[in-house]
Amino acid sequence: MAYISKDVPDIENLLALNPKIGKHASLKSSTTTKKVKKHWKRNQEKSCSDCGSLKNNFDDVKHTTLSERGALKEANRCLKCADAPCQKSCPTQLDVKSFITSIANKNYYGSAKSIFSDNPLGLTCGMVCPTSDLCVGGCNLYASEEGPINIGGLQQFATEVFKDMKIPQIRDPSLPPLESLPSSYRSKIALMGCGPASISCGTFLARLGYSDITVFEKENFIGGLSSSEIPQFRLPYDVVSYEVDLMTDLGVKVVCGKALSSGTMGLTLQSLRNDGYKAVFLGIGLPNPKKIPIFEKLTQEMGFFTSKDFLPMVSLASKPGMCACKSQLPSLHGRVIVLGVGDTAFDCATSALRCGAKKVFIVFRKGFTNIRAVPEEMDVAIEEKCEFLPFFSPKEVVVKEGHISAMEFLRTEQDDEGNWIEDEDQSVKLKADFIISAFGSTLHDDSVKKAFEPLKFNKWGLPENNSETLQCSEPWVFCGGDLAGVAQTTVESVNDGKQASWHMHKYIQSTFDLKVPSQPELPKFYTAIDLVDISVEMCGMKFANPFGLASATPTTSSPMIRRAFEAGWSFALTKTFALDKDIVTNVSPRIVRGTTSGHTFGPGQGSFLNIELISEKTAAYWCKSVTELKKDFPEKEKSIYSANVYHMGSLEHMGHMDHMGSLEF
């Protein structure tokens, strides 16, 4: 018998998803729950001894990567702080709240344009920037329940969306064309190394109008350290290649297989000078690994790698498009010891797991409070079950039958003066099949140093340079990135290239007795999208774009209209106002929270309601305001209108009233 008071089974099953209040407390043993939860648990067990192999798995592991839904939700959380600390913490001075606002408005091109204007490697930095130590570390939402804004993820999202558009970069259309620029802009410029610093420098120089820029790269692939030493699961090669393409869109040439070296086939500063190069930028990084004496006689065949050996081998074998060669991943097995605790050490550790390592131990001299790597890197290593061994300093490598079998360490301690010392009475020996040393990089190649002549070197063996201009002891030579001695991250290297580009510009122009503005004026990012005519015609009047302000609240006062015109808005409609004889007094704005916002306050608020019927400003105020605005914005001559003029009786001689009652000034 069918019950009309019951829904069909499909409906009843659907409604069963709703929570129901039980009549009694639930009862189930913990033993049963432990068995059952394994079928539903999404994260790994803490006691997992074999959680599945990561071998050959180079999928994205970044916690910051966002979908469009996630990006829109995150962008709407931004407070858009008046004195935004996130922007002050960014080495390239990205307009963070601007690009986040564009994302919130679904203007993804506008967001990418803002990012690439200040950082030509905006996508790379969105993926690998240590944001917790930079912009995110300054976010005013850090202490809130939801935490700081995921700025890196938003930056990656916007620039990836633009990358998929496949639109090339162009110079600022408002600047003089290349052919009309002085001959100084045709000076030959050489950039040594195709890493982040040189890509940034070359991009900004090309935007300025220099048309004879060549990047020389010693390897047969582009991107420098970004390509060779940052793993595929953090930074894919096609991202680096894309940003180099954006640079070459502006006419910059890239020549691979040309190294800075005093050898017969190498380039030297003097040879570049003899070939007519007016200025040179050195962005070759620090090509040599730091080694301690106990490693001097160890080889790869014995199971020893430096990070400078290991990571490029991993990249060549795992990054599609980087190399036409058929490289193989380093074949690891068993136990791997990684020495060091910087970002590079963590890249070595997580890469070792993908090369076959069964267990990875990250060993370092100091404690957890002294770890230099950012939490983003460390968290991935922890999730992938790397083991951490602090307070150990290498003493000796044990080799048996031509292969590493173990390593001996001494316990380290910190004395009362803060110095780290080794305690000979405390030692430990760890079994190991492979050792990877990640103790940092330096420059000790004599052929490279000789190629730098006649540059002067500082006490650290690096070229002397001015930290503000990045100009070396020879005024026509500039350097940046790791080689300059200040940059420790990709984004800082990018900023070195940006900084150097302006001062190279000043130097080159000065050699032709030409002056440049005292304040830097680096051109921004443009594409053909910016050439599209979006003007509109309404009622016989043409506006540059269809964006305007309409009545209150956006035009409650004339300064609001001024700010809109400065931002590029095309027209404005003032609030309704009255003649003096009909002036309404005690006008109180009634702007309240809309009911559609739910519990959301602030930037994520859905709406507000306005029932202010008329402006409290006088006709004289608006007439004077409009006169000022027309004077300062002559292109807006026919762009300011009154929504209405409230009047009781005849209209005074203020302008022309159309049949709807609106007033054109």
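Everything discussed here concerns the structure shown above.
If you're wondering where the values come from, they're calculated on a predicted model, not measured in any experiment.

Draft legend 1. Examining the sheet that holds strand β13 (residues 420-431) more closely. The three strands lie next to each other as β11-β12-β13, forming an open sheet whose pairing is antiparallel. Looking at the sheet topology across the chains shown, the edges are occupied by β11 (392-400) and β13. The average undirected angle you get between the axes of adjacent strands in this sheet is 25°. Here nine bridges tie strand β12 (residues 403-414) to β13, and the two strands are oriented antiparallel to one another. Across the sheet, residue threonine 412 finds its bridge partner in β13, namely glutamate 422.

Draft legend 2. Just helix α8 (residues 151-165), in detail. In a regular helix each residue adds 1.5 Å, so 15 residues correspond to 21 Å; α8 covers 22 Å between its end C-alpha atoms and thus fits that length. Burial of α8 is extensive: eleven of the 15 residues sit out of reach of the surface. Taken residue by residue, α8 has Ile151, Gly152, Gly153, Leu154, Gln155, Gln156, Phe157, Ala158, Thr159, Phe162 and Lys163 as its buried positions. Once α8 finishes, lysine 166 follows within two positions and takes phi at roughly 55°, a positive value.

Draft legend 3. Geometry of the sheet that holds strand β2 (residues 188-192). One open sheet holds the five strands; their spatial order is β4-β3-β2-β5-β16, and the pairing between them is parallel. Pairing within the sheet leaves two strands with one partner each, and these edge strands are β4 (253-256) and β16 (477-479). Pairwise comparison of adjacent strand axes, ignoring direction, gives a mean angle of 20° for this sheet. Examined bridge by bridge, β2 and strand β3 (residues 213-217) share four bridges and lie parallel to one another. Paired with isoleucine 189 across the two strands is isoleucine 213, which belongs to β3. Helix α17 (residues 490-511) contacts β2, β5 (277-282) and β16 of the sheet and is inclined by roughly 165° relative to β5.

Cut-offs and rules
Residues numbered from 1 in each chain as written. Predicted model: local features only at pLDDT ≥ 70, side-chain atom pairs only at ≥ 80, totals over all residues. Heavy atoms only, no water. Pairing = 2+ DSSP bridges. Helix = DSSP H or I, 4+ residues; strand = E, 2+ residues; numbered from the N terminus. Axes fitted to C-alpha atoms, helices over the stretch in contact; angles between N-to-C directions. Expected span 1.5 Å × (residues − 1). Buried < 20%, exposed > 50% of the residue type's maximum accessible area, 1.4 Å probe, protein only. Contact = heavy atoms within 4.5 Å.

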